[in-house]
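# Structural overview for review
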Amino acid sequence: MATDNQWTPPHSHEPNPTPPTNDPGITIYFQGFSVSIHPQHLLTLTQRSVDDCYIISTGHGASGPFKFGGVSLLDIVDQFVARPWSIVEILSADAFRTRISRDELERTGARPALLALSKDGKPLSRDEGLVRLIVPHEEGTALQQVKWISEIRIFE
Ligand SMILES: Nc1nc2c(c(=O)[nH]1)N[C@H]1C(S)=C(S)[C@@H](COP(=O)(O)O)O[C@H]1N2
Ligand SMILES: [Mo]
């Protein structure tokens, strides 16, 4: 499936191996509103899982398959924003970033993009990226598999 990842940084840097901060909190922004959430809160929401996920690094080969568990990104945004929206941006504390359209998320069906909290049934550690964006249909470069999410920005 094609991804709307033109906004994502080009694949020119080495992936950052260490978390930039210890704080796994995420702030969600839409227009003038914001709310901060914690992984503990995400665990109280409906959990989804997607197996056969690979992290494909052009420089270092692929890792996987992994089974990631967590909350659907589409569910989270729809819960926060009652109005129509079209784009969601995911930014990390180390200034990595990607963006995905609502249309693309709606097409993912049984393999939804996740705010991942677990890998192979074990809680994701901060070093592993907690909370990590997993986009199962992005199988080319891992550029959308954003570790250490710090902000989610939603646009109409
Ligand atoms: N926050 C953040 N996420 C990131 C990166 C990064 O540098 N920072 N690198 C990306 C790239 S280029 C790759 S290949 C994978 C590496 O994932 P891994 O550390 O689980 O192997 O993470 C992706 N997500
Ligand atoms: Mo990469």
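Residues numbered from 1 in each chain as written. Chains lettered and ligands numbered in written order. Predicted model: local features only at pLDDT ≥ 70, side-chain atom pairs only at ≥ 80, totals over all residues. Heavy atoms only, no water.

In this model, Gly-64 is joined to Pro-65 through a cis peptide bond whose omega is 5°. Tracing the backbone shows Pro-65 in strand E4 (residues 61-72). A cis amide bond, omega -10°, links Leu-130 with the succeeding residue Val-131. (Helix = DSSP H or I, 4+ residues; strand = E, 2+ residues; numbered from the N terminus.)

This part takes up the sheet that holds strand E5 (residues 87-92). The strands making up a sheet associate through backbone hydrogen bonding, with each pair oriented either parallel or antiparallel. Judged by pairing direction, the sheet is mixed, and its five strands sit side by side in the order E2-E1-E10-E5-E6 without closing on themselves. Two strands close off the open sheet at either side, each with one partner strand: strand E2 (33-37) and strand E6 (97-101). Averaged over all pairs of adjacent strands, the angle between strand axes in this sheet comes to 15°, irrespective of strand direction. Lying on the sheet, helix H2 (residues 73-80) is in contact with strand E1 (26-30), E2, E5, E6 and strand E10 (149-155); it crosses E1 at an angle near 55°. (Pairing = 2+ DSSP bridges. Axes fitted to C-alpha atoms, helices over the stretch in contact; angles between N-to-C directions. Contact = heavy atoms within 4.5 Å.)

Now for the pairing of strand E7 (residues 114-119). Counting buried positions along E7 gives five out of six residues, so the element sits mostly inside the fold. Relative to E7, E4 runs antiparallel, the two being bridged by five bridges. Within E7, the position partnered with Phe-68 by the bridge is Lys-119. Bridge analysis of E7 against strand E9 (residues 132-134) gives three bridges, and the strand direction is antiparallel. Directly across from Leu-115, in E9, lies its bridge partner Leu-133. Sheet topology places E7 next to strand E8 (residues 122-123); two bridges connect them, and they run antiparallel. Residue pairing across strands places Lys-119 opposite Lys-122, the latter belonging to E8. Linking E7 to E8, which pair antiparallel, is a turn of two residues; within it Asp-120 sits at a positive phi near 50°. (Buried < 20%, exposed > 50% of the residue type's maximum accessible area, 1.4 Å probe, protein only.)

For ligand 1, the set of nearby residues contains 15 residues, the closest of which are Asn-16, Asp-94, Arg-132, Gln-145 and Lys-147. The separation between a nitrogen atom of ligand 1 and a polar side-chain atom of Asp-94 is 2.8 Å. One of the side-chain N or O atoms of Arg-132 is found 2.8 Å from an oxygen atom in ligand 1. Burial of ligand 1 by the protein chains amounts to 86% of its free accessible area of 530 Å². The cavity where ligand 1 resides is the largest pocket. Across the shell around ligand 1, the residue classes break down as six nonpolar, six polar and three charged. (Near = heavy atom within 4 Å. Polar contact = N/O pair within 3.5 Å; in protein donor to acceptor, adjacent residues only side chain to side chain. Areas by Shrake-Rupley, 256 points an atom, 1.4 Å probe, with all protein chains shown as cover. 1 Å grid on protein atoms, 1.4 Å probe; cavity = no way out; pocket = protein on both sides within 12 Å on 5 of 7 lines; lining within 4 Å. Sits in = over half its atoms within 2 Å of the grid points. Nonpolar A, V, L, I, M, F, W, Y, C, P; charged D, E, K, R; others polar.)

This part is about the layout of surface pockets. Taken as a whole, the largest pocket encloses approximately 490 Å³ of empty space. Lining of the largest pocket is provided by 26 residues; of these, Pro-15, Ile-55, Arg-132, Ala-142 and Lys-147 occupy positions nearest its centre. Breaking the lining of the largest pocket down by element, the ones donating at least two residues are strand E3 (48-57) and E4. Tallying contributions element by element places E4 first for the lining of the largest pocket, with five residues. Partitioned by chemical class, the residues of the lining of the largest pocket number 11 nonpolar, 10 polar and five charged. (Points joined across faces, edges and corners; volume = space filled by probe spheres on them.)

By size, the foremost hydrophobic cluster in this structure holds 40 residues, and its most contacted members are Leu-73, Val-88 and Ile-152. Secondary-structure elements contributing two or more residues to this core are E1, E3, E4, H2, E5, E7, E9 and E10. Filtering out sequence-adjacent residues up to four positions away, Leu-73 remains in contact with Val-88, Ile-90, Ile-100, Leu-105, Ala-113, Leu-114, Leu-115, Leu-133 and Ile-152. (Core = buried A, V, L, I, M, F, W, Y, C linked by side-chain atoms within 4.5 Å.)

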